[in-house]
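# A closer look at the structure
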Amino acid sequence: TLLNNADVLDEVNFFWYTLGADGGIEGGMMASQAVQVARDAGLRVVPSIVNGGFDAQRVSLVVNDPIRRQQHIQDILALVQDNGYDGIDIDYESLNPEDRDAFSLFVEELAVALHAEGKLLSIAVHAKSDDAGAWSGAAAQDWARLGAAVDSFKIMTYDFHNGASEAGPIAPLDWVDAVLSYAATVVPPEKTWMGVPVYGYNWTGSRAQSLNWRQALQLAEQQGVQGQRDPASGEMTFTYGDGQHTVWFNDGETLTGRLALLREKHPNVAGIAIWPLGGEDPANWTAIRAAAE
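These lines cover the structure that appears in this document, whether it is placed above or below. (Residues numbered from 1 in each chain as written. Predicted model: local features only at pLDDT ≥ 70, side-chain atom pairs only at ≥ 80, totals over all residues. Heavy atoms only, no water.)

## Points about the overall build of the chain
A tally of regular secondary structure across the chain gives eleven helices and 15 strands. Based on the C-alpha atoms only, the size of the chain along its principal axes is roughly 60 × 40 × 35 Å. A total of 293 residues make up the chain; the buried ones form 53% of that total. Looking at the chain alone, contacts between residues at least 24 apart form 71% of all its contacts between residues at least 6 apart. (Helix = DSSP H or I, 4+ residues; strand = E, 2+ residues; numbered from the N terminus. Buried < 20%, exposed > 50% of the residue type's maximum accessible area, 1.4 Å probe, protein only. Contact = heavy atoms within 4.5 Å.)

Written out as structure tokens, the structure reads:
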């Protein structure tokens, strides 16, 4: 996917590193060939670090201790420099609201350290349409401080319905619009990236497993059902097994609608951040190329 569509990509965030329980960085370069492909294509290589298991405590231990915090910043700097990366993407999720200020301070200090070396700082944040957000993880992220510090502010405008909720659209367009409208009041739009889901979920009750576009089509064919398009999100949906299973997924036409929303209502946003690459509808790339013209 990366090789075939590098002409319409600017950056790749390889998902290779985690913040360990002891505050160290775990993982490594899992595909040097992919890095070379990205570099040959002129893409920015900005790998992600995620807090393993979305464990808030391991982030709390680091950001609230000045010594641990500085050590983590130095570890990140060394990781970026040793591998020749263009920067780092911080994807620390489901944090404690009481760690909000300490997390902001960590990001601010990390930005200063990276920028001093000519490196970039990116961050992935939970979607919300006001400062408090709808849950604790969103409340823990101070968009004004984070947005001022980082170079790229990637909003995860997806998982409105998710693997631990009832079935429903993953990213309703009116919700995405509300999130981006709020973002524009606290973060410069030219730093903001709209998260785009190209995946889906298969729900049984209020639990779901993720699946990609190709898997969703195969499942519909196996079950002898036809998907229907939801007008509120542009997503495809179908049920099977006497209604016990409900699937929602995204395709190229879904993305066309999301890009139209961006163009019409949020034209100053930097662009889109796709999650994830691989197994998506090839028509997504047609839609992106059409929008880029």
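## A short note on the side chain of Asn212
Within the element layout of this structure, Asn212 appears in strand 11 (residues 207-212). Engagement of the side chain of Asn212 in a polar contact is seen with the backbone nitrogen of Arg214, the distance being 3.1 Å. The residues touching Asn212, leaving out its near neighbours within four places in the chain, are Gly278 and Gly279. (Polar contact = N/O pair within 3.5 Å; in protein donor to acceptor, adjacent residues only side chain to side chain.)

## Considerations on the nonpolar core
Counting residues in hydrophobic clusters, the biggest one holds 66 residues, and the most contacted among them are Ile88, Ile90, Phe103 and Phe106. At eight residues, the largest contribution of residues to this core is made by helix 5 (residues 100-116). Aside from chain neighbours lying at most four places away, what touches Phe106 is Val63, Arg69, His72, Ile73, Ile76, Ile90 and Tyr92. Of all hydrophobic cores here, the second largest spans ten residues; its members include Ala220, Met236, Phe238 and Tyr240. (Core = buried A, V, L, I, M, F, W, Y, C linked by side-chain atoms within 4.5 Å.)

## Let's talk about the pairing of strand 14 (residues 245-249)
The element strand 14 is largely enclosed, with a buried count of four among its five residues. One ladder, built from five bridges, connects strand 10 (residues 199-204) with strand 14; its direction is antiparallel. Paired with Thr204 across the two strands is His245, which belongs to strand 14. Note: strand 13 (residues 236-240) against strand 14, five bridges, orientation antiparallel. (Pairing = 2+ DSSP bridges.)

## Focus: helix 4 (residues 66-83)
Given a rise of 1.5 Å per residue, 18 residues ought to cover 26 Å, and the 26 Å separating the end C-alpha atoms of helix 4 matches this to within 8%. Within helix 4, burial applies to Arg69, His72, Ile73, Ile76, Leu77, Leu79 and Val80. Buried residues of helix 4, viewed axially, fall in a sector of 155°; they line one side. Structural note: helix 4 exposes Ile67 and Asp82 on the side pointing more than 90 degrees away from its buried face. Where helix 4 is buried, its residues touch strand 2 (15-19), strand 3 (25-27), strand 5 (48-51), helix 3 (56-63), strand 6 (87-91) and helix 5. Capping the start of helix 4 is the job of one residue whose side-chain oxygen sits 2.9 Å from the backbone nitrogen of Ile67: Asp65. Two residues or fewer after helix 4 comes Gly84, characterised by a positive phi angle close to 70°. (Expected span 1.5 Å × (residues − 1). Arc of directions from axis to C-beta.)

## Things to note about the sheet that holds strand 12 (residues 228-229)
Strand order in the open sheet formed by five strands is 11-10-14-13-12, and the pairing between neighbours is antiparallel. This sheet does not close on itself; its edge strands, each paired only once, are strand 11 and strand 12. On the sheet, helix 9 (residues 213-223) packs against strand 10, strand 11, strand 13 and strand 14 and is oriented at approximately 110° with respect to strand 11. (Axes fitted to C-alpha atoms, helices over the stretch in contact; angles between N-to-C directions.)

By themselves, these observations are geometric and do not establish any function.
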